[in-house]
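So the chains spell out like this:
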2 protein chains.
Amino acid sequence: MRIEVICTGDEVLTGKIVNTNFSYMAQKLEDVGLSVQWETTVGDDRESLLQAFRLAGERADAVIVNGGLGPTIDDLSQEIAAQAAGVELVLSDDWLTRMEAFFRKRSRVMPPNNRKQAMLPAAAELIDNPIGTACGFAVDIGKARFFFTPGVPRELKRMLEEQIIPRLLARSGLQTAIHLKRFHSYGLGESHVDALLTGVEALVPDGSVKLGFRAHYPQLETKLTVRGTDLDDVKKKLQPVEREVRTRLGNFILAEDDQTLEGVVLGALTSRQGSLSVIETFTSGQIAARFAHLPGAEKVFRRGVVARELSEVCAAVGLNGASAPGSITREAAEIVASAARRQAGSTHALAVLIDLDDGPDRIEFGGTICLAIATDREVTSRRSRIVGGREWVRLGAVEMGLDCLRRHLQGLPVVERIDFEKV
Amino acid sequence: MRIEVICTGDEVLTGKIVNTNFSYMAQKLEDVGLSVQWETTVGDDRESLLQAFRLAGERADAVIVNGGLGPTIDDLSQEIAAQAAGVELVLSDDWLTRMEAFFRKRSRVMPPNNRKQAMLPAAAELIDNPIGTACGFAVDIGKARFFFTPGVPRELKRMLEEQIIPRLLARSGLQTAIHLKRFHSYGLGESHVDALLTGVEALVPDGSVKLGFRAHYPQLETKLTVRGTDLDDVKKKLQPVEREVRTRLGNFILAEDDQTLEGVVLGALTSRQGSLSVIETFTSGQIAARFAHLPGAEKVFRRGVVARELSEVCAAVGLNGASAPGSITREAAEIVASAARRQAGSTHALAVLIDLDDGPDRIEFGGTICLAIATDREVTSRRSRIVGGREWVRLGAVEMGLDCLRRHLQGLPVVERIDFEKV
């Protein structure tokens, strides 16, 4: 099945906004085994829209159009859809009623120009938008089925996932049950993980499990797309592969599916009624920034300190004179973490100290990371060297700090060789 | 002049990467008074590429193609360009020599597959890439001039700005000298600034100054595009308009052109040999994160503390017992800022305390921001209420904190009504 996407709107065409709606749609379709063959962006312009609809209607089986369903005069999608389909625009009483209820619920009167949003091409199939006033719809143009979606990202997401993807899957004749299983890891490069997982797809001999990756340094996402006749079939197929991936990647799997590293850390601390203090250098406080705003973190996150100089770090955690370490070492990190924990009265403290190379930023630029995790019973530490430029070192240090804390909380070794460090 | 853009590559078409190259190109063209009428994305696929080139060649005057100039077999742009133009691929001795020198300079031998990058359509105009091995070129297909550019963002940027835009301007017959003047502000909404600036374009009666905006909450960018016969002419035209914009937006202009708010703050502190401590609640430390990593900040940024609870903030800056404020007020912010400054021995301290509403996140969710700036001579403070959801409050508080510090350092009033606050 050939799928095309048409993105509309002057804001996208002039680059005022980056077209994340498209990358989102393309990814979502890939995740269920469909793919986009062609994408077109045009502005809020009658002639361009008509031409784009007609061209796609000649080439494709299914077309997703994004944007142009709003109440203002530059929202033209319904009008041009009707023109391209050779039908009239008709008022949808259903949608008008829905919109009036939408406004009533918010104690507002519907402005008259919203009525335009209920004008749909004759014979269009209405596609529900449960969270907005832009009405989705489907209509045939040329030889393709066109699906019209709102430009507001959260409305698009809900409509695509709940309503359009099932319709596309039904049209494509693909088996209906599809599941995407994701593993998030830190410390192993894509080619390394690819090699480690050689042959896992073959555990299900009918080819219905597909392995894929998405690298976003420092994390790597390992994806298993599984197809089956129904959800039970999918689960049965996934089970042995899933188990094997967990065995082979072992301690490096930091989270699965919608979990995040910082969420896993927060969960582990919350479940033991723990609390956390964080001390950082050079990272600009990005460890705290990943963690402190999470819902539930208010009960766990105690205090974060960021500084550039070790002496400032020491002063901030109450280390003075002879008790303050003079250079960045594992021992220094241990002393700082312990002092920070005592000072804030938290169950855990994480200290990430970075000794940066001198000189201008370049690809060989590196830093030595000394990190320590203190509890009331012990202090664990690690020393690691990362090269690849200042930003690379910064990102790597933040991830390593959080991941070592995750390992510590899960009872896994905090020191385990990773692909990104120099030895 | 009708301009189209064709983006190529499976990574873009499958959504693995977000197409920021396109939004960058579209913006750059808008900035010089050109605009894109149509954008197409296709994958690394011969048939799609050929069809896209032919369609654009029928419709447009100029086409920018991005990507597909690399050394691997899925890089097809040169091959399909030659096919669409109806010419052969020929080896460019010039580019081969350039590439060999490129590798020699890096003490490497050129791998044989890089030779492919020197194969260009016969009669193509070579467009230099001073920082990579992907050779840019221009060729006629249909009735349009096609410009082929590399997918690597920094190579694309340099080639577009230095080589392609001048060629497009020459072809478009627009006056050659064009300048983009930008003002960054915080606190006034786009429609408010638009109203404040009514008539400024008319200060240059020949229509060669165009006003535009780019809103990215909490900041707003006000843009003046000026056209003239040469750079002197542009400067002469810009001067009265620029002066008028500065007068009308006044204290709200926080930076101009490539300056940033945090950069302006750093510059002001550096020039007086100042130093800074930052205390934040709820922001996850985003004020420090904006500032602490800047080159030069190591001499200025002393210490950052982030916490969720006021009691933690107080403990972190050494306020205990009766000296510690019990609730978030202007006075509390003043006490905390003064204590933080004394403790870290910095010339300046900024404290941003946020009293959040209770309950679930929603559009009416708000927070009360109490901020204070302490020096050794005085303490200045401000109280403000922002609504619009948790993330909105967080972003607003970070910007307000930095902007009040900027105002203080520049001798401007720290308290001045903004559009984003509730009264």
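None of these values were measured; they are calculated from a predicted model.

Conventions used here
- Per chain, residues are indexed from 1 in the order of the written sequence.
- Written order decides the labels, with chains lettered from A and ligands numbered from 1.
- Per-residue local features of the predicted model are confined to residues with pLDDT of at least 70, and side-chain atom pairs are confined, for both listing and counting, to 80 or more; whole-chain, interface and lining totals are unaffected and use all residues.
- To obtain each axis, a line is fitted to C-alpha atoms, and for helices this fit is confined to the stretch in contact; angles are then taken between N-to-C directions over 0 to 180 degrees.
- In this text, helices come from DSSP runs of H or I with a minimum length of four residues, and strands from runs of E with a minimum of two, each type numbered from the N-terminal end.
- Should an angle fall under 35 degrees it is called roughly parallel, over 145 degrees roughly antiparallel, and 65 to 115 degrees roughly perpendicular, with every other angle called oblique.
- For any pair of crossing helices, the crossing counts as left-handed if the nearer helix is rotated counterclockwise from the farther one by less than a right angle, and right-handed if it is rotated clockwise.
- Residues are scored as being in contact if the C-beta atoms we place from backbone atoms lie within 7 Å.
- Residue-level confidence of the predictor is what pLDDT reports, using numbers from 0 through 100.
- Whether a residue is buried, exposed or partly exposed is read from the other C-beta atoms within 10 Å of its own C-beta, which are placed from the backbone; 20 or more gives buried, 12 or fewer gives exposed, and intermediate counts give partly exposed.
- Strand pairing requires that DSSP identify at least two bridges connecting the strands.
- For the least-squares superposition of copies, only C-alpha atoms count, and only for residues with pLDDT at least 70 in both.
- We call a set of buried Ala, Val, Leu, Ile, Met, Phe, Trp, Tyr and Cys residues a nonpolar core when their C-beta atoms link them within 7 Å.
- Charged residues are taken to be Asp, Glu, Lys and Arg, nonpolar residues to be Ala, Val, Leu, Ile, Met, Phe, Trp, Tyr, Cys and Pro, and polar residues to be all remaining types, Gly included.
- For the handedness criterion, the strands are oriented away from the viewer, and a crossover whose path from the first strand over the helix to the second runs clockwise is classed as right-handed.

Trainee: Which residues make up the packing of helix α2 (residues 20-31) of chain B against helix α6 (residues 153-172) of chain B, and what values do they have?
Mentor: Residue and element names in this part refer to chain B. The contact between α2 and α6 brings their axes to 11 Å, and the two run at 20°. By the angle between their axes, α2 is roughly parallel relative to α6. As α2 runs across α6, the sense of the crossing is right-handed. For the pair formed by α2 and α6, the contact residues are Asn-21, Tyr-24, Met-25 and Lys-28 on the first element and Pro-153, Leu-156, Lys-157, Leu-160, Glu-161 and Ile-165 on the second.

Trainee: Could you give an account of the confidence of the model for chain A, with specific residues and numbers?
Mentor: For chain A, the average pLDDT comes to 93, and 100% of its residues sit at 70 or higher. The ipTM for the predicted assembly is 0.73, set against a pTM of 0.77.

Trainee: Requested: an account of the pairing of strand β16 (residues 366-374) of chain A, with residues and values cited.
Mentor: Residues and elements named next belong to chain A. The element β16 is largely enclosed, with a buried count of eight among its nine residues. Direction of pairing for strand β15 (residues 348-356) relative to β16: antiparallel, over a ladder of eight bridges. Each residue of the ladder has a partner; that of Leu-353, found in β16, is Cys-370. Alignment of β16 against strand β17 (residues 379-387), held across nine bridges, turns out to be antiparallel.

Trainee: Tell me about the sheet that holds strand β7 (residues 136-141) of chain A, and please be specific about residues and values.
Mentor: What the twelve strands build is an open sheet, ordered β6(A)-β7(A)-β8(A)-β3(A)-β1(A)-β2(A)-β2(B)-β1(B)-β3(B)-β8(B)-β7(B)-β6(B); its pairing is mixed. Whereas interior strands pair on both sides, the edge strands pair on one side only; in this sheet they are β6 (125-127) of chain A together with β6 (125-127) of chain B. Adjacent strand axes in the sheet meet at a mean angle of 20°, parallel and antiparallel pairs treated alike. Sheet topology places β6 of chain B next to strand β7 (residues 136-141) of chain B; three bridges connect them, and they run antiparallel. Bridge assignment links Leu-126 of chain B to a residue of β7 of chain B, and that residue is Phe-137 of chain B. In the packing of helix α4 (residues 77-85) of chain A onto the sheet, the strands contacted are β1 (3-8), β3 (62-66), β7 and β8 (144-149) of chain A, and the crossing angle to β7 of chain A comes to about 25°. The strands touched by α6 of chain B within the sheet are β3 (62-66), β6, β7 and β8 (144-149) of chain B, with β8 of chain B carrying the most contacts at an inclination of about 170°.

Trainee: Give a description of the sheet that holds strand β12 (residues 253-256) of chain B that names residues and reports values.
Mentor: All names here are of chain B. Across the sheet, which stays open at both edges, the four strands sit in the order β10-β11-β9-β12 with antiparallel pairing between neighbours. Pairing within the sheet leaves two strands with one partner each, and these edge strands are β10 (209-216) and β12. Averaged over all neighbouring strand pairs, the angle between strand axes comes to 25°, with direction disregarded. Summarising the sheet, strand β9 (residues 177-186) and β12 pair through three bridges and their orientation is antiparallel. Bridging from a neighbouring strand, His-184 pairs with Ala-255 of β12.

Trainee: Summarise unusual backbone geometry; cite the residues concerned and give the values.
Mentor: Both trends apply: most residues other than glycine have a negative phi, and most peptide bonds are in trans. Residue and element names in this part refer to chain A. Backbone torsion omega between Tyr-217 and Pro-218 reads 5°, so that peptide bond is classified as cis. Take Pro-218: it is sitting in the loop between β10 (209-216) and β11 (219-228). The phi dihedral of Gln-273 is positive, around 50°, even though this residue is not glycine. Position of Gln-273 among the secondary structure elements: in the loop between α9 (261-271) and β13 (276-281).

Trainee: Can you explain the relation of the copies chain A and chain B? Please cite residues and give values.
Mentor: Taken as rigid bodies, chain A and chain B are interconverted by a rotation of 180° and an axial shift of 0.3 Å, the fit giving an RMSD of 0.3 Å. Both chain copies can therefore be described as sitting about a two-fold axis. Counting the interface residues of chain A, we find that 100% of their copies in chain B are interface residues as well, pointing to one common contact surface.

Trainee: Let's hear about the nonpolar core: which residues, and what values?
Mentor: Counting residues in hydrophobic clusters, the biggest one holds 127 residues, and the most contacted among them are Val-336, Ala-337 and Ala-351 of chain A together with Val-336, Ala-337 and Ala-351 of chain B. Beyond its immediate sequence surroundings of up to four residues, Ala-351 of chain B is in contact with Ile-279, Ala-333, Val-336, Ala-337, Ala-340, Leu-371 and Ala-372 of chain B.

Trainee: So what's going on with the interface of chain A and chain B? Residues and values would help.
Mentor: Taken together, the contact between chain A and chain B spans 42 residues of the former and 42 residues of the latter. Looking at the side of chain A that touches chain B, the elements with two or more residues in it are α2 (20-31), β2 (36-42), α10 (286-291), β14 (301-307) and α11 (310-316) of chain A. Among the residues making up the side of chain A that touches chain B, the classes are represented as 17 nonpolar, 16 polar and nine charged. Strand direction decides the pairing type here: β14 of chain A and strand β14 (residues 301-307) of chain B, joined by three bridges, are antiparallel. The partner of Val-306 of chain A across the bridge, within β14 of chain B, is Gly-304 of chain B.

Trainee: Outline the environment of Asn-129 of chain B, supporting the account with residue identities and numerical values.
Mentor: Residues and elements named next belong to chain B. Topologically, Asn-129 is positioned in the loop between β6 and β7. Since 24 C-beta atoms lie within 10 Å of it, Asn-129 is described here as buried. When the C-alpha positions of Asn-129 and Cys-314 are compared, they lie 56 Å apart, and in sequence the two are 185 residues distant. In this structure Asn-129 touches Ala-134, Cys-135, Gly-136, Pro-150, Glu-155 and Met-159, once residues within four positions along its chain are discounted.

Trainee: Describe the pairing of strand β13 (residues 276-281) of chain B, with residues and values.
Mentor: Residue and element names in this part refer to chain B. A large share of β13 lies buried, amounting to six of its six residues. Neither face of β13 is open: one carries Leu-276, Val-278 and Glu-280, the other Ser-277, Ile-279 and Thr-281, and all of them are buried. In the sheet, β13 pairs with β14 via six bridges, with the strands oriented parallel. The residue bridging Glu-280 from the neighbouring strand is Val-306, located in β14. A crossover connection joins β13 to the parallel β14 through helix α10 (residues 286-291); in handedness this β-α-β unit is right-handed. The pairing of β13 with strand β15 (residues 348-356) spans five bridges and is parallel. Bridge pairing in β15 places Val-278 opposite Leu-350.

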